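Okay, here's what each chain looks like letter by letter:
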2 protein chains.
Amino acid sequence: MAEADPPGYELPLLLFAGFRSLIDELHRELAAHGHTEVRPVHGFALQAIGPYGASASEIGRRLGVSKQAAGKTVDRLAALGYVERADDPTDARRKLIRLTPRGLDVLTRSAEIFDRLRATWVDRLGAAQVNQLETSLRTVVPPTTFPVDVPGWFG
Amino acid sequence: MAEADPPGYELPLLLFAGFRSLIDELHRELAAHGHTEVRPVHGFALQAIGPYGASASEIGRRLGVSKQAAGKTVDRLAALGYVERADDPTDARRKLIRLTPRGLDVLTRSAEIFDRLRATWVDRLGAAQVNQLETSLRTVVPPTTFPVDVPGWFG
DNA sequence: CGGTTTCGACAACCACGTTGACCAGTTTAC
DNA sequence: GTAAACTGGTCAACGTGGTTGTCGAAACCG
């Protein structure tokens, strides 16, 4: 006979709880390495800036928010010492946002931490299950909302 | 040799994209049924209120936010017509927050929509895969952060 | 009874998003 | 080459969802 399917609302809850547990753990670890002020939103922004820098408008487009919102986030990241603004010699309007060493540090550390976190999932589920989980998700998530285009939808 | 594991950051991104795609679709459908103003946060709050009602402080505790924040959310939900405040005859301090028919409607509709959404995942992945995905997640998410205790972490 | 706790509300504040407006600088079209 | 159109960054006003602190009224408990 048919297996008793759980109610549909459990799926989003589980996805969210899984995501959240990873993000919470990430920020616990980051805080333990001196990055106590950085918040999930900042991580997405730093990722959007990337190693080569970007303009505020570009960041906004990558994140799916207005350039004004991106500008505010850059203000905040600059105040925290994660990025710095530099004039663009080829375009006097543009300000190039670049990661500081501290900003780069949070990015590389995040990558390490995520790798370690994934490894703990492999420990508990096995590599096959984790790969399966990833391929399953990859086939159902609409590619347009991936990889960035993240914030703003919650509030 | 070892299979090439994806970088660790892909896992949270996939989880989030999966969650987000479901929530986005939910709110598209709700909007199509007249619930155009309700936001994801409100859904969690309505769920926390439940069919028997709750006080604002209780809602705050269930959601993991302050009673003041819960009170503001209740204000908004009341303005949108999803809940109403009633005096508690057994405790003159308390105000009982109850779902209006409209509030109940959004909840029952959400349940239907989530069921339908899960069914589309089953169509694309097969029942076994979806069940597998759910059991995998169930084993790795810390039970303390489940099922509620949701908002406030992002901002 | 009196001390402590709890509920709901008010105020001030913060983080992060939105629009609209504006200037300065760059591109494009004629 | 100049005028028009577009683009980048910033300022202002506002909305929403959080926070803490304070407070009076009601309930609980010794």
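Residue numbers run consecutively from 1 along every chain, following the written order of its sequence. For naming, the first written chain is A and the first written ligand is 1, with later ones following in the order written. The model is predicted, so local features are restricted to residues of pLDDT at least 70 and side-chain atom pairs to those at 80 or more, both for listing and for counting; the totals for chains, interfaces and linings are taken over all residues. The side-chain figures draw on all heavy atoms in the structure; neither hydrogens nor water molecules are used.

## Examining the packing of helix α6 (residues 127-140) of chain A against helix α5 (residues 101-125) of chain B
Point 1. All axes are obtained by fitting lines to C-alpha atoms, using only the stretch in contact for helices, and the reported angles, taken between N-to-C directions, cover 0 to 180 degrees. Strands here mean DSSP runs of E at least two residues long; helices mean DSSP runs of H or I at least four residues long; both are numbered from the N terminus. As a packed pair, α6 of chain A and α5 of chain B sit with axes 10 Å apart at the nearest point and diverge in direction by 110°. One way to sum up the angle between α6 of chain A and α5 of chain B is to call them roughly perpendicular. α6 of chain A and α5 of chain B meet at a crossing whose hand is right-handed. Note on element contacts: α5 of chain B touches α6 of chain A through W121, R124 and L125 of chain B, opposite S136, L137, T139 and V140 of chain A. Any angle from 65 to 115 degrees is called roughly perpendicular, while one under 35 is roughly parallel, one over 145 is roughly antiparallel, and all others are oblique. A crossing counts as left-handed when the near helix is turned anticlockwise from the far one by less than a right angle, and as right-handed when that turn is clockwise. Contacts between residues were defined by any pair of non-hydrogen atoms, one from each residue, lying within 4.5 Å.

## Quick notes on the protein's contact with DNA strand C
Point 1. Around DNA strand C, a shell composed of 26 residues is seen, among which S66, Q68 and K72 of chain A together with R93 and K95 of chain B lie nearest.
Point 2. In DNA strand C, atoms within 4 Å of the protein come 59% from sugar and phosphate.
Point 3. Think of a polar contact as two N or O atoms within 3.5 Å of one another; within protein, one of them needs to be a possible hydrogen donor and the other a possible acceptor, and neighboring residues in sequence only count if both atoms come from side chains. Q68 of chain A places a polar side-chain atom, nitrogen or oxygen, 2.7 Å from a base oxygen of DNA strand C.
Point 4. Contact between DNA strand C and A92 of chain A: a phosphate oxygen at 3.0 Å from a main-chain N or O atom of the residue.
Point 5. Counting only elements with at least two residues in the surface near DNA strand C, the list comes to α2 (40-49) and α4 (67-79) of chain A together with α3 (56-63), α4 (67-79) and β3 (91-99) of chain B.
Point 6. Think of it as three bins: nonpolar holds Ala, Val, Leu, Ile, Met, Phe, Trp, Tyr, Cys and Pro, charged holds Asp, Glu, Lys and Arg, and polar takes everything else, Gly as well. Among the residues making up the surface near DNA strand C, the classes are represented as six nonpolar, eight polar and 12 charged. Any residue with a heavy atom positioned within 4 Å of a molecule or strand is treated as near that molecule or strand.

## Some points on the protein's contact with DNA strand D
Point 1. Around DNA strand D lies a shell of 25 residues, among which K67 and R93 of chain A together with S66, Q68 and K72 of chain B are the nearest.
Point 2. Within the backbone of S57 of chain A, an N or O atom sits 3.1 Å from a phosphate oxygen of DNA strand D.
Point 3. At the level of elements, α3 (56-63) and α4 of chain A together with α2 (40-49), α4 and β3 of chain B are the ones that each hand at least two residues to the surface near DNA strand D.
Point 4. For the surface near DNA strand D, the leading source of residues is α4 of chain B, giving five residues.

## A look at the relation of the copies chain B and chain A
Point 1. Only residues with pLDDT of at least 70 in both copies count here: their C-alpha atoms drive the least-squares fit that superposes the copies. When chain B is fitted onto chain A, the two copies agree to an RMSD of 0.0 Å after a turn of 180° and an axial shift of 0.0 Å. Each copy turns onto its partner about a two-fold axis.
Point 2. The overlap is high: 100% of the interface residues of chain B also sit at the interface in chain A, so the same surface is used on both sides.

## Observations concerning the pattern of salt bridges
Point 1. When a carboxyl oxygen of Asp or Glu is within 4 Å of a side-chain nitrogen of Lys or Arg, the pair counts as a salt bridge. According to the stated counting rule, one finds 22 salt bridges over all chains in the structure shown.
Point 2. Ionic pairing is found between R138 of chain B and E10 of chain A, a salt bridge with its closest N-O pair at 2.8 Å. Taken as a pair, R138 of chain B in helix α6 (residues 127-140) and E10 of chain A in helix α1 (residues 10-32) lie in two separate chains rather than in one.
Point 3. Residues participating in the shared-partner salt-bridge network are E58, D88 and R94 of chain A.

## Remarks on the sheet that holds β3 of chain B
The strands making up a sheet are joined through hydrogen bonds of the backbone, oriented either antiparallel or parallel.
Residues and elements named next belong to chain B.
Point 1. Two strands are said to pair when DSSP picks up at least two bridges between them. Reading across the sheet, the three strands line up as β1-β3-β2 and stay open at both edges, with antiparallel pairing between neighbours. Each end of this open sheet is capped by a strand with a single partner; those strands are β1 (54-55) and β2 (83-88).
Point 2. As paired elements, β2 and β3 share six bridges and run antiparallel to each other. Within β3, the position partnered with V83 by the bridge is L99.

## Quick notes on the interface of chain B and chain A
Point 1. Listed as interface residues are 51 residues of chain B and, on the opposing side, 51 residues of chain A.
Point 2. Taken together, the two surfaces of chain B and chain A that pack against each other cover about 5800 Å², and 71% of this comes from carbon and sulfur.
Point 3. At the surface where chain B touches chain A, the tally comes to two salt bridges.
Point 4. Our count for the chain B to chain A interface comes out at eight residue pairs in polar contact (both at pLDDT 80 or more).
Point 5. Listed by contribution, the elements that provide at least two residues to the side of chain B that touches chain A are α1 (10-32), α2, α5 and α6 of chain B.
Point 6. Examining the composition of the side of chain B that touches chain A, we find that 14 residues originate from one element, α1 of chain B, more than from any other.
Point 7. Of the residues in the side of chain B that touches chain A, the class split is 30 nonpolar, 10 polar and 11 charged. Simply put, the buried area is the total loss of 1.4 Å probe accessible area from both parts when two parts are fitted together.

## Digging into helix α5 (residues 101-125) of chain A
Point 1. The length a helix should cover is 1.5 Å for every residue beyond the first. Between its first and last C-alpha, α5 of chain A extends 36 Å over 25 residues, near the 36 Å set by a 1.5 Å rise per residue.
Point 2. Taken as a whole, α5 of chain A has its buried residues at G103, V106, L107, S110, I113, F114, L117, R118, W121 and L125 of chain A.
Point 3. Residues of α5 of chain A that are buried in the fold lie against α1, α2, β2 (95-99) and α6 of chain A together with α1 and α6 of chain B.
Point 4. Positive phi shows up at G126 of chain A, right after α5 of chain A, with a value of about 90°. Partly exposed residues are those whose accessible area sits between 20% and 50% of the maximum for their type, while under 20% is buried and over 50% is exposed, using a 1.4 Å probe and protein chains only.

## Observations regarding the packing of aromatic side chains
Point 1. When two rings of Phe, Tyr or Trp (its six-membered ring) have centres within 6.5 Å they constitute a pair, described as stacked for plane angles under 30 degrees, edge-to-face for angles over 60, and tilted for the intermediate range. A complete count under the given rule lists four aromatic pairs over all chains for this structure.
Point 2. On the numbers, 4.8 Å between centres and 40° between planes, the contact of F19 of chain A with F16 of chain B is tilted. On the criterion of chain membership, the pair formed by F19 of chain A in helix α1 and F16 of chain B in helix α1 is interchain, its members lying in two chains.
Point 3. Site record: aromatic cluster; members linked through ring pairs are F16 of chain A together with F19 and F44 of chain B.

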